[in-house]
Amino acid sequence: GLQKGTKGILTAYMTGEYAEAMDGPDEESLLKEVVKQADQIYPSLRDACERGNSFSWTKDTWARGAWAYVAPGDTTTMLPHLHSKEGRVHFAGDHTSPWPGWMQGAIHSGLRAAKEIAGKP
């Protein structure tokens, strides 16, 4: 459902060199910098911001900031092959979904692989 009330949530994604540069500061410094920059786009955001949180995929031991990058058209041509099972081996991960690079893709592919294993359509 929709979020109730008058408050909102602002999500910011950073990639590449910019994300690496932002990994250095402590959490408080990072959040202050993000709010400072977002305030340029959304005036008065700084005054309305109550708290923040961050997560670094680069610092994540298993991800290390990597994700599948697909060029235009690659999803259409490659996707059927990326999620095809090989015998009893089923493949999952954001890169095997229509949403590479996103958590939604990882969840979608996990559900797909589980249904394949269970023999469900």
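Some remarks on the packing of aromatic side chains
Then, number 1: Here the structure, examined in full by the defined rule, presents two aromatic pairs.
Then, number 2: Aromatic side chains Tyr13 and Trp102 sit 5.1 Å apart centroid to centroid with 85° between the ring planes, which places their arrangement in the edge-to-face category. Residue Tyr13 is located in the segment before helix H1 (16–22), and its partner Trp102 is located in the loop between helix H4 (74–82) and helix H5 (103–118); the two are separated by 89 residues in the primary sequence.
Then, number 3: Taking the relative accessible area as the measure of exposure, Tyr13 reaches 63% and is therefore exposed.
Then, number 4: Judged by relative accessible area, Trp102 falls into the partly exposed class, the value being 41%.
Then, number 5: Ring geometry for Phe55 versus Trp57: centroids 4.8 Å apart, planes at 70°, classification edge-to-face.
Then, number 6: When its relative accessible area of 56% is taken as the criterion, Phe55 is described as exposed.

Side note on a nonpolar patch on the surface
Then, number 1: A contiguous nonpolar patch, built from Phe55, Trp57, Met103, Ile107 and Leu111 and spanning about 570 Å² of accessible area, is present on the exposed surface.
Then, number 2: Mapped onto the elements, Ile107 comes out in helix H5.
Then, number 3: Residue classification places Ile107 among the exposed positions, given a relative accessible area of 51%.

Cut-off values and rules
- Residues numbered from 1 in each chain as written.
- Predicted model: local features only at pLDDT ≥ 70, side-chain atom pairs only at ≥ 80, totals over all residues.
- Heavy atoms only, no water.
- Phe/Tyr/Trp six-rings, centres within 6.5 Å; stacked < 30°, edge-to-face > 60°.
- Helix = DSSP H or I, 4+ residues; strand = E, 2+ residues; numbered from the N terminus.
- Buried < 20%, exposed > 50% of the residue type's maximum accessible area, 1.4 Å probe, protein only.
- Patch = residues over 30% accessible without salt bridge, like charges linked within 9 Å, V, L, I, M, F, W, Y side chains within 5 Å.
- Areas by Shrake-Rupley, 256 points an atom, 1.4 Å probe, with all protein chains shown as cover.
- Salt bridge = Lys/Arg side-chain N within 4 Å of Asp/Glu carboxyl O.

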